[in-house]
Amino acid sequence: MNQDLADIRSLDHLLRSLYTILKNEKDPETRYAERTIGRMGNNIGIALSDELADLCELYTILKADYKSLFPPRSGLTDFYIRREDAFLQCRLNADYKNILSQIKEILDRH
């Protein structure tokens, strides 16, 4: 149970980071993702404030929401950070992909 709670807190932090990236890029194609990530954060906040929250049910909801961010076209499937500076662009996209990888890793454990 403690690992579940630690994972929820880590997931909350990662989702906030992902939301910040998407919001700062101001890509109209990611609005759905921004709303979905916001809802995921709200669900995590509710669960963290309720000692009796069913974390298994929360993970099921979070997985479904996360999966919806990657339809065959649009969403986060085609999202890419663009910059004039190629080195900066490469670093930002690596950070972005690392966040996605960590989120997936946590959700796959549950």
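About the cut-offs
- Residues numbered from 1 in each chain as written.
- Predicted model: local features only at pLDDT ≥ 70, side-chain atom pairs only at ≥ 80, totals over all residues.
- Heavy atoms only, no water.
- Salt bridge = Lys/Arg side-chain N within 4 Å of Asp/Glu carboxyl O.
- Helix = DSSP H or I, 4+ residues; strand = E, 2+ residues; numbered from the N terminus.
- Buried < 20%, exposed > 50% of the residue type's maximum accessible area, 1.4 Å probe, protein only.
- Expected span 1.5 Å × (residues − 1).
- Arc of directions from axis to C-beta.
- Contact = heavy atoms within 4.5 Å.
- Polar contact = N/O pair within 3.5 Å; in protein donor to acceptor, adjacent residues only side chain to side chain.
- Axes fitted to C-alpha atoms, helices over the stretch in contact; angles between N-to-C directions.
- Parallel < 35°, antiparallel > 145°, perpendicular 65-115°, else oblique.
- Left-handed = near helix turned anticlockwise from the far one by under 90°.
- Nonpolar A, V, L, I, M, F, W, Y, C, P; charged D, E, K, R; others polar.
- Core = buried A, V, L, I, M, F, W, Y, C linked by side-chain atoms within 4.5 Å.

1. Let's talk about the pattern of salt bridges
Working step 1: Under the defined criterion, the tally for this structure stands at 8 salt bridges.
Working step 2: Taking the shortest distance from any N to any O, the salt bridge between Asp12 and Arg16 comes out at 3.3 Å. Of this pair, Asp12 and Arg16 both sit in helix H1 (residues 2–25), separated by 4 residues, roughly a single helical turn.
Working step 3: When the shortest N-O distance is used, the salt bridge between Glu25 and Arg83 registers 2.7 Å. Linking Glu25 in helix H1 with Arg83 in the loop between helix H3 (55–67) and helix H4 (86–109), this pair joins segments that are 58 residues apart in sequence.
Working step 4: Classification of Glu25 by relative accessible area gives partly exposed; the value is 23%.
Working step 5: Classification of Arg83 as partly exposed rests on a relative accessible area of 33%.

2. With respect to H3
Working step 1: Over its 13 residues, H3 runs 18 Å from end to end, which matches the ideal 18 Å to within 8%, given 1.5 Å per residue.
Working step 2: Three or more residues of H3 are buried, namely Leu55, Leu58, Tyr59, Leu62, Asp65 and Tyr66. Buried residues of H3, viewed axially, fall in a sector of 130 degrees; they line one side. For H3, the exposed residues set more than 90 degrees away from the buried face come down to Cys56, Thr60 and Lys67.
Working step 3: Buried residues belonging to H3 abut H1, helix H2 (31–49) and H4.
Working step 4: Its side-chain oxygen 3.1 Å from the backbone nitrogen of Cys56, Asp54 forms the N-cap of H3.

3. Overview of the packing of H2 against H3
Any two packed helices are characterised by how steeply their axes cross, that is the angle between the axes, and by the distance between the axes.
Working step 1: Look at H2 against H3: their axes get within 10 Å of each other, and the N-to-C directions meet at 175 degrees. Judged on the interaxial angle alone, H3 and H2 are roughly antiparallel. Across the interface between the two elements, Thr36, Arg39, Met40, Asn43, Ile44 and Ala47 from H2 touch Leu55, Leu58, Ile61, Leu62, Asp65 and Tyr66 from H3.

4. Considering the packing of H1 against H4
Working step 1: For the pair H1 and H4, the least separation of the axes is 10 Å and the interaxial angle reads 150 degrees. The angle between H1 and H4 falls in the class roughly antiparallel. The crossing of H1 and H4 is left-handed. Between H1, through Gln3, Asp7, Ser10, Leu11, Leu14, Leu15, Ser17, Leu18 and Ile21, and H4, the contact on the second element is made entirely by Tyr96, Ile99, Leu100, Gln102, Ile103, Ile106, Leu107 and Arg109.
Working step 2: Taken together, the residues that form the contact of H1 with H4 break down as 11 nonpolar, 4 polar and 2 charged.

5. Side note on the nonpolar core
Working step 1: Judged by nonpolar contacts, the single largest core of 29 residues is most densely connected at Leu11, Leu18, Leu62, Leu76, Tyr96 and Ile103.
Working step 2: Put simply, the parts of the chain that give this core at least two residues each are H1, H2, H3 and H4.
Working step 3: Setting aside anything within four residues of it in sequence, one finds Leu62 in contact with Ile8, Leu11, Met40, Ile44 and Leu107.

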